[in-house]
Amino acid sequence: MAFSVSSFTLLVLFSCFATFLVCHGFPVHHNNPFHHRHHPRFASHNYRDALTKSILFFEGQRSGKLPASQRITWRRDSGLTDGSAMHVDLVGGYYDAGDNVKFGFPMAFTTTMLSWSVLEFGGLMKGELQNAREAIRWATDYLLKATLHPDTIYVQVGDANKDHACWERPEDMDTPRSVYKVDKNSPGSEVAAETAAALAAASLVFRRCDPTYAKLLVRRAIRVFQFADRYRGAYSNGLKKYVCPFYCSYSGYEDELLWGAAWLHKATKNPTYLNYIQVNGQTLGAAQFDNTFGWDNKHVGARILLSKVPILASSSLFVKYCIYDHQSIKMIDVVLESQAFLVQKVQSLHDYKDHADNFICSLIQGAPFSSAQYTPGGLLFKMNDSNMQYVTSTSFLLLSYAKYLTIARKIVNCGATAVTPKRLRNIAKKQVDYLLGDNPLKMSYMVGYGPRYPQRIHHRGSSLPSMAAHPAKIQCSSGFSVMKSQSPNPNILVGAIVGGPDEHDRFPDERSDYEQSEPATYMNAPLVGALAYLAHSFGQL
């Protein structure tokens, strides 16, 4: 049966569109039943300040020619010849963590999560929205360069082993800027599909404020995904000695194909991607009950993203969504998305709601299906190495899913335990509050936030004197005396989230302890959205 948009729906669309601001600058209306009419009187943290700093951090990770607007001023230009080894321009992008290598896989995931943060909560960010967009664009400009040639993606700049043999500023680096790529002969479906996801998600961020750029992003995303799917293989096979053990893909590439298809469907509304998800979902591991979400494993994120589908399938819910939830995706997209799912009764996609619920239940302490571990102080604990990435990504997923459930007026049933959206928000808030200082050590794990935070983070540029303080070159090995010292880092990498405490809430603040003391872009990216929501909830935005 052909679908036609009723005159009533068009009227609703028009009324929604009248209040629509460019590039997700959605107003928060007082008649929104999901908007807090009365803000809580007291917040133990300044979430707005934390939001500002969480975005500022990305400027400290920039590679390339820095703009005049650069706010972290102890950084200087670096990597200005990147790509020349392969006669391509790969200047720009981000250093992923505390070293001077540009790893494409985590950079793409960072970009996807920054974009998702803006898509869900950008309407609440106010003055920080433009800063968030600029952080995304710094990455997408680079990813466009890395995907310029068809069926080829440049996935890494820098020899990680040789880079790690030095402790030097990015401005000084003289280690090989080797370039590594995937192509038809040496495929890399996981990094290619994640790159497609990043470009597709970012296209939605720029669709209104820069439509030409958005179209470029989505066209490139389509082409990159076709490459990822047509030439299947793991990049950590062909490039094993260069990308492992740093960013090996342990979960395989199936999760990225599903994740990439989900973002492309969201960005294009092309039924081809919906069909792809239906046909390939099970073989790509859609039903796996792996409850880890991070730069390697995207199954949980895909479940949460796709769970939105059945929620929006009802026309009555669509009207409520359109009228009330102004800080989400564009209204015209809602019409098209609603159209797609009203035309096709996609029962298989309802499974993603069930899978998402299973993930939620795994986090609920005392629930029948609970499997998550927490420290004595209450922090979600997955592993010793960079555990805070799972805290920030899980907090974001909880707040996003709570939003979807609220729109649909649904809850999650974990056996006899009914879990409301409010409870999900409370769990997320508790995790963020722990990160910001509500923990046994009374320490913020965000550098520059609060009275006590890590002083000796595992980060070359932060730990060594700045170019302004020490213009002379610091040689490769001479920096290790600083790395091993107990002196505080001279340059504050404001907003950086470090790996965090161990399973007993202990944190030694040792520069050499990369597992606990190293920051990374993919730890900050999902926190941006969570902090925007919390700042708004407590009347700080």
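Because the structure is predicted, anything quoted here is derived from the model rather than measured.

Before going further, it helps to examine the overall build of the protein chain. Secondary structure summary: the protein chain contains 21 helices and seven strands in total. With 541 residues in all, the protein chain has 64% of them scored as buried. Surface accessibility of the protein chain: about 19700 Å² in total, with carbon and sulfur atoms responsible for 54%.

Across its 17 residues, helix 21 (residues 521-537) extends 25 Å between first and last C-alpha, which sits within 8% of the 24 Å expected from 1.5 Å per residue. Within helix 21, the axis deviates most sharply at Leu-527, by approximately 30°. Just downstream of helix 21, Gly-539 is the residue with a positive phi angle, here 70°.

What follows covers the UniProt feature "active site" (unreviewed entry) in the protein chain. On the UniProt side, "active site" (unreviewed entry) is annotated at positions that read His-458, Asp-509 and Glu-518 here. Taken together, the annotated residues stretch across 61 residues yet fold into one region, lying no more than 10.1 Å apart by C-alpha. Here His-458 shows up in the loop between helix 17 (421-436) and helix 18 (460-463). Ignoring sequence-local partners within four residues, the contact set of His-458 consists of Gly-98, Trp-167, Arg-511, Ser-512, Tyr-514, Ser-517, Glu-518 and Pro-519. In terms of polar contacts, His-458 uses its side chain to reach the backbone carbonyl oxygen of Arg-511, at 2.7 Å. For Asp-509, the location among the structural elements is in the loop between helix 19 (480-483) and helix 20 (514-517). On the basis of relative accessible area, Asp-509 is assigned to the buried category, the value being 7%. The residues touching Asp-509, leaving out its near neighbours within four places in the chain, are Pro-454, Gln-455, Arg-456 and Ser-517.

What follows deals with the pattern of salt bridges. By the definition in use, this model includes 21 salt bridges. Among the salt bridges present, the one from Glu-171 reaches Arg-75, with a minimum N-O distance of 2.8 Å. Here Glu-171, found in the loop between helix 5 (160-164) and strand 3 (179-183), pairs with Arg-75, found in the loop between helix 2 (47-60) and strand 1 (102-103); they are 96 residues apart in sequence, far enough to count as distant. Assessed through its relative accessible area of 17%, Glu-171 is described here as buried. Of the charged contacts in the structure, one is a salt bridge between Arg-137 and Asp-210, with a shortest N-O distance of 2.9 Å. Of this pair, Arg-137 sits in helix 4 (residues 128-146) while Asp-210 is found in the loop between helix 6 (189-205) and helix 7 (211-230), placing the two residues 73 residues apart along the sequence. Assessed through its relative accessible area of 29%, Arg-137 is described here as partly exposed. Residue Asp-210 is classed as partly exposed on the basis of its relative accessible area, which comes to 22%. Via salt bridges that share partners, Asp-82, Lys-102 and Arg-177 belong to a single interconnected network.

What follows is about the sheet that holds strand 3. Here three strands make up an open sheet; going across it, the order is 1-2-3 and the pairing antiparallel. On the outer flanks of this sheet lie strand 1 and strand 3, each paired with one strand and no other. For strand 2 (residues 152-157) and strand 3, the ladder comprises five bridges, and the chain directions are antiparallel. Bridge assignment links Ile-153 to a residue of strand 3, and that residue is Val-182.

Remark: helix 3 (residues 104-121) packs on helix 21, axes separated minimally by 8 Å, with the N-to-C direction vectors making an angle of 5°. Considered as vectors, helix 3 and helix 21 are oriented roughly parallel to each other. Contact residues: Pro-106, Phe-109, Thr-110, Met-113, Leu-114, Ser-117 and Phe-121 in helix 3; Thr-521, Tyr-522, Ala-525, Pro-526, Val-528, Gly-529, Ala-532 and Tyr-533 in helix 21. Of the residues in the contact of helix 3 with helix 21, the class split is eleven nonpolar, four polar and no charged.

Moving on, we come to the nonpolar core. Grouped together as the largest cluster of nonpolar side chains are 158 residues, with contacts concentrated most on Trp-116 and Trp-263. Here this core takes twelve residues from helix 6, the largest share from any one element. Sequence-distant contacts of Trp-263, defined by excluding residues within four places in its chain, comprise Thr-112, Trp-116, Leu-119, Ala-197, Ala-200, Ala-201, Leu-204 and Leu-305. Within the second largest apolar cluster, five residues are counted, among which are Leu-464, Ile-474, Phe-480 and Met-483.

This part is about the state of the cysteines. All chains considered together, the criterion is met by three disulfides. Across the disulfide from Cys-361 sits Cys-414; the S-S distance is 2.1 Å. Between Cys-361 and Cys-414, the S-S dihedral sits near -90°, and the bridge is therefore left-handed. Residue Cys-361 is found in helix 15 (residues 347-363), and its partner Cys-414 is found in strand 6 (residues 412-414); the two are separated by 53 residues along the sequence.

With the rule as written, the count across this model stands at 25 aromatic pairs. Summarising the aromatic geometry, the rings of Phe-105 and Trp-295 are spaced 5.8 Å apart at their centres and angled 85° between planes, so their arrangement reads as edge-to-face. On the criterion of sequence distance, the pair formed by Phe-105 in helix 3 and Trp-295 in the loop between helix 11 (271-280) and helix 12 (299-311) is long-range, its members being 190 residues apart. Judged by centre distance (4.9 Å) and plane angle (80°), the ring pair of Tyr-247 and Trp-295 falls under edge-to-face. Of this pair, Tyr-247 sits in the loop between helix 9 (240-243) and helix 10 (254-268) while Trp-295 sits in the loop between helix 11 and helix 12, and the two are 48 residues apart along the sequence. Looking at Trp-295, the relative accessible area reads 11%, which means it is buried. The rings of Phe-109, Trp-116, Phe-121, Trp-259, Trp-263, Phe-293, Phe-396 and Tyr-533 are connected pair by pair, giving a single aromatic cluster. Sitting over the ring of Tyr-213, Arg-137 keeps its end group 3.6 Å from the ring centre. Sitting over the ring of Phe-121, Lys-403 keeps its end group 5.4 Å from the ring centre.

Following the sequence through the fold, Asp-151 ends up in the loop between helix 4 and strand 2. Among buried charged residues, Asp-151 stands out as having no salt bridge; its nearest opposite-charge side chain is Lys-184, 4.2 Å away. Apart from residues no more than four positions distant in its own chain, Asp-151 is found in contact with Val-182, Asp-183, Lys-184, Phe-227, Arg-230 and Tyr-231.

Turning our attention to the environment of Asn-524. Assignment of secondary structure puts Asn-524 in helix 21. Accessibility expressed as a relative area gives 0% for Asn-524, which makes it buried. C-alpha separation for the pair Asn-524 and Ile-497, spaced 27 residues apart in sequence, amounts to 6.2 Å. Excluding residues within four positions of it along the chain, Asn-524 makes contact with Ser-54, Phe-57, Phe-58, Gly-495, Ala-496 and Ile-497. Among the polar contacts made by the side chain of Asn-524, one reaches the main-chain carbonyl oxygen of Ser-54 at a distance of 3.1 Å. A polar side-chain atom of Asn-524 sits 3.2 Å from the main-chain amide nitrogen of Ile-497.

Basis of the calculations
- Residues numbered from 1 in each chain as written.
- Predicted model: local features only at pLDDT ≥ 70, side-chain atom pairs only at ≥ 80, totals over all residues.
- Heavy atoms only, no water.
- Helix = DSSP H or I, 4+ residues; strand = E, 2+ residues; numbered from the N terminus.
- Buried < 20%, exposed > 50% of the residue type's maximum accessible area, 1.4 Å probe, protein only.
- Areas by Shrake-Rupley, 256 points an atom, 1.4 Å probe, with all protein chains shown as cover.
- Expected span 1.5 Å × (residues − 1).
- Bend = angle between axes of the 7 residues up to and from the residue.
- UniProt positions renumbered as here; feature names shortened; annotations may be inferred.
- Contact = heavy atoms within 4.5 Å.
- Polar contact = N/O pair within 3.5 Å; in protein donor to acceptor, adjacent residues only side chain to side chain.
- Salt bridge = Lys/Arg side-chain N within 4 Å of Asp/Glu carboxyl O.
- Pairing = 2+ DSSP bridges.
- Axes fitted to C-alpha atoms, helices over the stretch in contact; angles between N-to-C directions.
- Parallel < 35°, antiparallel > 145°, perpendicular 65-115°, else oblique.
- Nonpolar A, V, L, I, M, F, W, Y, C, P; charged D, E, K, R; others polar.
- Core = buried A, V, L, I, M, F, W, Y, C linked by side-chain atoms within 4.5 Å.
- Disulfide = S-S within 2.5 Å.
- Phe/Tyr/Trp six-rings, centres within 6.5 Å; stacked < 30°, edge-to-face > 60°.
- Lys NZ or Arg CZ within 6 Å of the ring centre and 35° of its normal.
- Lys, Arg positive; Asp, Glu negative; His and termini not counted.

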